[in-house]
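Residue-level structural notes
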Amino acid sequence: MDSDALPLSRGTLDRDARRRSEPIESILADARVRVVRVRRGRVGGDEAGIAFADQVADGSEGVYLGRDTDGWSYVADLGTGLPDPDPGRALDDPQGPPSGINVRDVGWQLEARDAGLATAAIAMANWHASHRFCPRCGAPSVIALAGWERHCTADGAAQYPRTDPAVIMAIVDDDDRLLLGHGVAWPATQFSVPAGFVEPGESLEAAVRREVAEETAIEVGEVTYQGSQPWPFPASLMLGFRGRALTTDPNPDGVEVTEAMFVARDELTDLITAGTIRLPRPTSIAHYLISDWYGRDWPTTPWISG
């Protein structure tokens, strides 16, 4: 698997970290600046690409994202920096359903530049919204270093953007069958490969084995790294693996996973054709782990939408 070719890993910008010491106002004064607006978890634009603004809106926070080879500078407009409404409650929101690019759905359709910009802008918006106060003393924090730090207003202590490592894995048995599971909160026909967060003091390989065992009671032996992709929903880095199953009798935990099974390729083909199973959308690394194992053309569009 080529990590650089995964949908949200295809960023083309020079992040230009040396320029972060400039005031954001100085960067915005450039004649060649483009602003990426993030609102309610989405980026301004549509499937055709990002719709750039010229300036950060009044009262909004800005983050310098970098520059391209054509000399354009890019800044993310984060809005007020306050948390956005829960996307799951969009229909009840008095503002109505959110507009703009839903990166989960169409990230794989965006050109490389826009995919990288949208991913970085959403990740930074999520971090700023959830780190408004110093974790040591609770005092308010303020934006600094062109958006790449926050400083405590009481003692000046710096906070830095965080990324939460998560493992996601294609587990195969000795018959080369793939382990799939159904998450408790998913639509009835949606299945995917196991995934979970890395815990403190844990190696990536240990996290793979623990998560699979916790969710499905399958023991995993050899684990090999496949690739990675940022997943800013809200702050993950998805680290893809393939693992070898030592046992073949799944027993879902009923808390995170309600159904689990090993499938052969022909079985998966039949399940997809019948509409019994839908797979993760092509923006996710899960889709590519499954596709890499499947090794065939899909019989029909096998992924969920929305």
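Before reading on, note that the structure itself is shown above.
The present account deals with the structure reproduced in this document. Residue indices follow the written sequence of each chain, beginning from 1 at its first position. Selection of residues for local features in this predicted model requires a pLDDT of at least 70, selection of side-chain atom pairs for listing and counting requires 80 or more, and totals for whole chains, interfaces and linings are taken over all residues. The side-chain figures draw on all heavy atoms in the structure; neither hydrogens nor water molecules are used.

All right, on to the overall build of the chain then. Secondary structure elements are defined from DSSP: runs of H or I of at least 4 residues count as helices, runs of E of at least 2 residues count as strands, and each element is numbered from the N terminus. Counting its secondary structure elements, the chain contains six helices and 15 strands. Values of the radius of gyration come from C-alpha atoms, whereas the globule rule sets the reference at 2.2 Å times the count of residues to the power 0.38. Over its C-alpha atoms the chain spans a radius of gyration of 21 Å, differing by no more than 12% from the 19 Å that the globule rule assigns to 306 residues. Here the C-alpha coordinates of the chain stretch approximately 60 × 45 × 40 Å along the principal axes. Whether two residues are in contact is decided by their heavy atoms: any pair within 4.5 Å suffices. Excluding contacts between residues fewer than 6 apart, the proportion of contacts in the chain whose partners are at least 24 apart in sequence is 64%. Averaged over its 28 positive side-chain charges, the chain has a centre that lies 5 Å from the centre of its 46 negative ones. None of His or the chain ends enter the tally, which takes Lys and Arg as positive and Asp and Glu as negative. Every charge is mapped onto a representative atom, which is NZ of Lys, CZ of Arg, CG of Asp or CD of Glu.

The next point concerns the environment of arginine 18. Tracing the backbone shows arginine 18 in the segment before helix 1 (24-28). Note: C-alpha distance between arginine 18 and isoleucine 143 (125 residues apart in sequence) is 17 Å.

A word on the state of the cysteines. Structurally, a disulfide amounts to a covalent bond that connects the sulfur atoms of two cysteines. Any pair of cysteine sulfurs within 2.5 Å is marked as a disulfide. The final tally for this structure, using the stated rule, is zero disulfides. Cysteine 134 forms no disulfide, and the closest cysteine sulfur to it belongs to cysteine 152, at a distance of 3.8 Å. Between cysteine 152, a free cysteine, and cysteine 137, which holds the nearest cysteine sulfur, the sulfur-to-sulfur gap is 3.6 Å. With a 1.4 Å probe rolled over the protein chains alone, any residue whose accessible area is under 20% of its type maximum counts as buried; one over 50% counts as exposed, and the rest are partly exposed. Residue cysteine 152 is classed as buried on the basis of its relative accessible area of 5%.

So, about the side chain of arginine 150. Secondary-structure assignment places arginine 150 in strand 8 (residues 149-152). Pairing of N or O atoms within 3.5 Å defines a polar contact, subject to two protein rules: one partner must be a possible hydrogen donor and the other a possible acceptor, and residues neighboring in sequence count only if both atoms are side-chain atoms. A polar side-chain atom of arginine 150 sits 2.9 Å from a polar atom in the side chain of histidine 128. Apart from the residues lying within four places of it in its own chain, the contact partners of arginine 150 are Glu61, Trp127, His128, His131, Arg132, Ser141, Val142, Ile143, Ala157, Ala158 and Gln159.

In this section: the layout of surface pockets. Definitions used for this entry: grid spacing 1 Å over protein atoms alone; cavity, a set of points where a 1.4 Å probe fits but cannot get out; pocket, an open set with protein on both sides within 12 Å along at least 5 of 7 lines; lining residue, one with an atom within 4 Å of a point. Grid points are joined across faces, edges and corners, and a volume is the space filled by probe spheres set on the points. Within this model, the second largest pocket holds a volume of roughly 200 Å³. In terms of lining, the second largest pocket is formed by Ile24, Glu25, Leu28, Val56, Ser60, Glu61, Gly62, Ile143, Ala144, Leu145, Ala146 and Gly147. Counting only elements with at least two residues in the lining of the second largest pocket, the list comes to helix 1 and strand 7 (141-144). No other element matches the three residues that helix 1 contributes to the lining of the second largest pocket. We call Asp, Glu, Lys and Arg charged. Ala, Val, Leu, Ile, Met, Phe, Trp, Tyr, Cys and Pro are nonpolar, and the rest, Gly among them, are polar. Of the residues belonging to the lining of the second largest pocket, the class tally is seven nonpolar, three polar and two charged.

Moving on: the sheet that holds strand 1 (residues 33-39). Any two strands are treated as partners once DSSP identifies two or more bridges connecting them. Strand order in the open sheet formed by four strands is 2-1-6-5, with mixed pairing between adjacent strands. Since the sheet does not close on itself, it has two edges, and those belong to strand 2 (42-43) and strand 5 (62-67), each with one partner. Where strand 1 meets strand 2, two bridges bridge the pair, whose relative direction is antiparallel. Paired with valine 38 across the two strands is valine 43, which belongs to strand 2. Lines are fitted to the C-alpha atoms to define the axes, a helix being fitted only along its stretch in contact, and any angle between axes, read from their N-to-C directions, falls within 0 to 180 degrees. Across the sheet, helix 3 (residues 112-130) touches strand 1, strand 2, strand 5 and strand 6 (73-77), and the angle it forms with strand 1 is around 55°.

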